[in-house]
Amino acid sequence: MRVLVSGASGSVGRAVCGGLLAGGVQVRALTRDRGRVGLPSGVEVVVGDLAEPASVAAALEGVERMYLFPVPGAAGEVVAVAGRAGVRRIVTLSSGAVTAGYDTVHHLVVEQAVEAGGVEWTHVRPGEFAMNKVALWGPDIRGARVVRHPAPEAVWCPVHERDIADVAVAALLEDGHHGVAYTLNGPPVSVREQARAVGEALGEEVRFEKVTPEQARRRYREQGGFAAAAADFLLGFVDHAGNPTDPEAMAHFDVTAFGPQPTIYDVTGAPPRTFTQWARDHVADFR
């Protein structure tokens, strides 16, 4: 059996490739840039862009199952191309914001396209990616051993990319996951505790400096890349649809107030990886 993994250069996509290889199947990785993939040996790498569905057709030849990275503008066409190529199962990387009803314009659109495609489907809906902290905090931790954030006591459930990948791999390889959307989180941890965990992984103190939402946004914009692009949303200035919101409301946010959050345990029986474990796994990103 051959599985196509799109978004293979991302942290989840790479982990999905590794899990599929361990499962004994043939893995083909789709990427826009062959030079930056960094995948394990044994993975066949092909170039294509989900935003241009015609470029994906050749990559889908001989593929039975697919891990789909979300690109809403072309999702319907990509699913149609996959169906014509013989793909019978698609596992979608989605978002926990769909479960909560917040995201109706991005990930939900991709889910709907997959469900309408006549294939077996499973949606994997992670909450906050622990990996975001590399982009958001990496420059300040590497440069000054400091985290600057407006909401130190806010409690979130950042999820390790390997938990996301493990659930995706299970849905790709096992039966019994068709027609299910799995929301995934990690164990709850405050923002201050996350900063402390990175410091412990480094073996050095990482100071926490409380700043205003406006100061944090200014710093993220200075960093560029993902931090700049996502600053308004992640700091509470806008919602998923881009509508203005009050960033001060984030100061005391506690996701546990909504009750126990679903994790990988509910799908595979494995305990969710903690943020402390994630920090140890990524300590090199903060050196």
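Everything that follows concerns the structure shown earlier in this document.
Below is a short write-up of the structure. These figures come from a predicted structure and were not determined experimentally.

This part takes up the overall build of the protein chain. Counting its regular elements, the protein chain contains 11 helices and 11 strands. In terms of overall size, the protein chain behaves like a compact globule, its C-alpha atoms giving a radius of gyration of 19 Å where 287 residues would be expected to give roughly 19 Å. For the protein chain, long-range pairs separated by at least 24 residues make up 69% of all intrachain contacts whose partners lie at least 6 apart in sequence. Put simply, the protein chain shows about 12800 Å² of open surface, and 50% of that area lies on carbon and sulfur atoms.

As a further point, take the pattern of salt bridges. Going through the model one piece at a time under the given rule, you end up with 17 salt bridges. K133 is paired through a salt bridge with E128; the nearest N and O atoms lie 2.5 Å apart. A residue is classified by how much of its surface remains accessible, and E128, at 23% relative accessible area, is partly exposed. A salt bridge links E222 to R219; the shortest N-O distance between them is 3.4 Å.

Our next topic: the packing of aromatic side chains. On inspection of all chains with the given rule, the structure shows four aromatic pairs. Here the aromatic rings of F275 and W278 are separated by 5.1 Å at their centres, their planes lie at 35 degrees, and the arrangement is tilted. Here W278 and F275 lie together in helix α11 (residues 275-281), a separation of three residues that amounts to about one turn. Grouping residues by exposure puts F275 and W278 together as buried. Centroid distance W278 to F286: 6.0 Å. Interplanar angle 75 degrees. Geometry classified as edge-to-face. Looking at W278, the relative accessible area reads 0%, which means it is buried. Residue classification places F286 among the buried residues on the basis of a relative accessible area of 0%. A connected cluster of aromatic rings, assembled from ring pairs, spans W156, F253 and F258. In this structure, K133 is placed above the aromatic ring of W137, and the distance from its NZ or CZ to the ring centre is 5.2 Å. The ring centre of F237 lies 3.7 Å from the NZ or CZ of R217, which sits over that ring.

Before going further, it helps to spend a moment on helix α2 (residues 75-85). Buried within α2 we find A75, V78, V79, V81 and A82. Down the axis of α2, the smallest arc covering the buried residues is 160 degrees, so these residues share one side. Check the buried side of α2 and you find it contacts β4 (65-68), β5 (89-93) and α4 (107-115). After α2 finishes, the residue G86 shows a positive phi value of roughly 105 degrees.

Another point: the nonpolar core. Counting 29 residues, the largest nonpolar core has W137, I141, W278 and F286 as its most contacted members. Among the elements of the structure, α5 (132-144), α7 (191-202), α8 (213-223), α9 (225-234) and α11 are those that each provide at least two residues to this core. With residues up to four places along the chain from it excluded, the contact list for F286 reads K133, V134, W137, G138, I141, R142, R145, V198, L202 and W278.

What follows concerns the sheet that holds strand β2 (residues 26-31). Strand order in this open sheet of seven strands is β3-β2-β1-β4-β5-β6-β9, and the pairing throughout is parallel. Looking at the sheet topology across the chains shown, the edges are occupied by β3 (43-47) and β9 (180-184). When the angles between neighbouring strand axes are averaged without regard to direction, this sheet yields 20 degrees. In the packing of helix α6 (residues 161-173) onto the sheet, contacts are made with β1 (2-5), β4, β5, β6 (120-126) and β9, and the angle to β5 comes to roughly 165 degrees.

Helical periodicity: at 3.6 residues per turn, an α-helix aligns residues three or four positions apart in one direction. For α9, the set of buried residues is A227, A230 and A231. The buried residues of α9 occupy an angular sector of 150 degrees when projected down its axis, which confines them to one face. If you follow the buried residues of α9, they end up packed against α5 and α8. Of the residues trailing α9, G236 is marked for its positive phi of about 85 degrees.

All right, on to the packing of α5 against α9 then. Helix-helix packing is described using two parameters, namely the angle between the two axes and the distance between the axes. Interhelical geometry of α5 versus α9 gives an angle of 105 degrees and a closest axis separation of 10 Å. Viewed along their axes, α5 and α9 adopt a mutual orientation that is roughly perpendicular. Contacts from N132, A135 and L136 of α5 reach α9 at F226, A227 and L234. Split by residue class, the contact of α5 with α9 holds five nonpolar, one polar and no charged.

The rules behind these values
Residues numbered from 1 in each chain as written. Predicted model: local features only at pLDDT ≥ 70, side-chain atom pairs only at ≥ 80, totals over all residues. Heavy atoms only, no water. Helix = DSSP H or I, 4+ residues; strand = E, 2+ residues; numbered from the N terminus. Rg over C-alpha atoms; globule rule 2.2 N^0.38 Å. Contact = heavy atoms within 4.5 Å. Areas by Shrake-Rupley, 256 points an atom, 1.4 Å probe, with all protein chains shown as cover. Salt bridge = Lys/Arg side-chain N within 4 Å of Asp/Glu carboxyl O. Buried < 20%, exposed > 50% of the residue type's maximum accessible area, 1.4 Å probe, protein only. Phe/Tyr/Trp six-rings, centres within 6.5 Å; stacked < 30°, edge-to-face > 60°. Lys NZ or Arg CZ within 6 Å of the ring centre and 35° of its normal. Arc of directions from axis to C-beta. Core = buried A, V, L, I, M, F, W, Y, C linked by side-chain atoms within 4.5 Å. Pairing = 2+ DSSP bridges. Axes fitted to C-alpha atoms, helices over the stretch in contact; angles between N-to-C directions. Parallel < 35°, antiparallel > 145°, perpendicular 65-115°, else oblique. Nonpolar A, V, L, I, M, F, W, Y, C, P; charged D, E, K, R; others polar.

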